[in-house]
Amino acid sequence: MTKAKYIILLLLALMGAQNAASQDNTLLAHADSSYSCIDKRECDMRTFKEGRAALIPFFRKLDNVIYKHRGTINIWHVGGSHVQAGTFSHRIRRNFATHVNGGKASRAILFPYKLVGTNGPQDYSVSGTGTWSRTRNIEQSPDHDMGLSGITATTSSPNASVTFTLSSSDGIDWTTRYIRVLGKASSSSVRPYIMIDSTAVEDIEGSNEKGYFFELPRGCTSFTVKFHGLGSGNRFELRGVVALNDEPGVIYWASGVNGAATTSWLKCSLLEKDLHVAKPDMVIFGIGINDAHTKNFNRDRFKTNYQQLIDRIKRVNPDCQFIFITNNDNHLNRSANPNSRAAEKVFIELALDNHGSVWDLYKVMGGLGSSTRWVRNGLMQSDHVHFTSTGYKLIGDLLYNAIIKEYLKWRERDKNAETY
């Protein structure tokens, strides 16, 4: 090789490294860390030796998405009311869409919360017709099977419909090209179809283990699910609607049910079936505050329940990675809940047992009694359990940055990461 060629190759390599470094700087979200109630020393992910090694395949996939714009990564965030409300999870979803995906993303799982009389995310709107009933995983004896959403909407109305409209107010392109309806019909004559404006789209696979699949003739951000064959005793049990597109990037799925505990998610008999649709590369667990919001918290039962849920997920993807969000500091009977500390130790044990990581929200807040300071700063509601919209967005930014910082640490350790 001539000296001139060597210099040219060296310059190209340096330019590539500078471009990569510049892109790395854009991966982090702006998180308002000016609040004195945040313990800034605790905001990073807690990883352990085996957990760091287990994250490498995930980070290699993330590398391909960021630097080669190739492939998809599925992350499933599951929990209780913190997730059902949608502000926390959508903040993380939006950050991935903005900083990793380049402004485009699949919205993934949707559910008609409004039609069954409960709150839901604000990043999409729901309207519909017909009479709907609900079954939730927090019920002692659920009437219908549940899956990925932890809640099922049932109708037998001949005119039943659900319209979803994805919001564009966050600047993200949520254009949908493929829809999958997760649900069960009481008769073979009952099946869903999709309406885009005045165009009817029939499923192309028929009912199978992954629901009803629709390939749309054009991209859209609003569509209606209708049904053939309802009435005369026929019904349809809707477990969710999945909205996807062809774009590479991170797809952020989120499922939450108000009041859900580990036992609630274990009641979802069709969870594994639906998870084959999501194919999670990573699961972010936000379950636990409802388990520990009692005087009779049993840490061993809590751990056993969690491990059963983890084992179900591993049957779908043995290589799935896990992040455990510890319980936030909260009040039990108007005083700081001491179970939060006991639960924190369980999360660490679960991470060690399953080669996972921990994002210690309990310590990020400042530990026992810290919720009082968060209420005072306008980041938590007066119940000392739920966050305000500002608080949910803040912890969404902090968790997203914790994941990205761990990824950047890996890139720093592995100088050849961009070759994967």
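Look above for the structure.
None of the values given here were measured: they were computed from a predicted structure.

Student: Looking at this model, I keep getting lost on the overall build of the protein. Mind explaining?
Tutor: Across its full length, the protein carries 11 helices and 18 strands. The C-alpha radius of gyration computed for the protein amounts to 22 Å, which stays within 12% of the reference 22 Å derived for 420 residues, consistent with globular compactness. Along the first, second and third principal axes, the C-alpha atoms of the protein reach 80 × 60 × 40 Å. Long-range contacts, defined as pairs at least 24 residues apart, comprise 78% of the intrachain contacts of the protein with a sequence gap of at least 6. Carbon and sulfur atoms form 48% of the exposed surface of the protein, whose accessible area is close to 17,700 Å².

Student: Hey, could you run me through the environment of R312 in this one?
Tutor: Along the chain, the position of R312 falls in helix 7 (residues 299–316). C-alpha separation for the pair R312 and L266, spaced 46 residues apart in sequence, amounts to 9.1 Å. Those residues in contact with R312, other than ones at most four positions away along the chain, are W265, L266, C268 and E272.

Student: Looking at this structure, I do not really get helix 4 (residues 87–99). What am I missing?
Tutor: It helps to recall that an α-helix has 3.6 residues per turn; residues three or four apart then point in one direction. With 13 residues, helix 4 extends 18 Å from end C-alpha to end C-alpha; this agrees with the ideal 18 Å at 1.5 Å per step. Packed against the buried residues of helix 4 are strand 1 (72–79), helix 3 (81–84), strand 13 (249–256), strand 15 (321–325) and helix 11 (389–413).

Student: How do you make sense of a negative patch on the surface when you look at a structure like this?
Tutor: Taken together, the side chains of D173, E215, D246 and E247 make up a negatively charged region of the molecular surface. Looking at the secondary structure, you find E215 in strand 10 (residues 212–220).

Student: Sorry, what's going on with the sheet that holds strand 9 (residues 199–201) here?
Tutor: The strands that make up a sheet pair up through hydrogen bonds in the backbone, lying either parallel or antiparallel. One open sheet accounts for five strands, arranged 3-6-11-8-9; its pairing is antiparallel. This sheet does not close on itself; its edge strands, each paired only once, are strand 3 (124–129) and strand 9. Taken over all neighbouring pairs, the strand axes of this sheet differ in orientation by 25 degrees on average, direction set aside. Sheet topology note: the strand 8 (residues 191–196)/strand 11 (residues 222–228) ladder contains five bridges and is antiparallel. Counted as the bridge partner of Y193 is K226 from strand 11.

Rules used in this analysis
Residues numbered from 1 in each chain as written. Predicted model: local features only at pLDDT ≥ 70, side-chain atom pairs only at ≥ 80, totals over all residues. Heavy atoms only, no water. Helix = DSSP H or I, 4+ residues; strand = E, 2+ residues; numbered from the N terminus. Rg over C-alpha atoms; globule rule 2.2 N^0.38 Å. Contact = heavy atoms within 4.5 Å. Areas by Shrake-Rupley, 256 points an atom, 1.4 Å probe, with all protein chains shown as cover. Expected span 1.5 Å × (residues − 1). Patch = residues over 30% accessible without salt bridge, like charges linked within 9 Å, V, L, I, M, F, W, Y side chains within 5 Å. Salt bridge = Lys/Arg side-chain N within 4 Å of Asp/Glu carboxyl O. Lys, Arg positive; Asp, Glu negative; His and termini not counted. Charge placed at Lys NZ, Arg CZ, Asp CG, Glu CD. Pairing = 2+ DSSP bridges. Axes fitted to C-alpha atoms, helices over the stretch in contact; angles between N-to-C directions.

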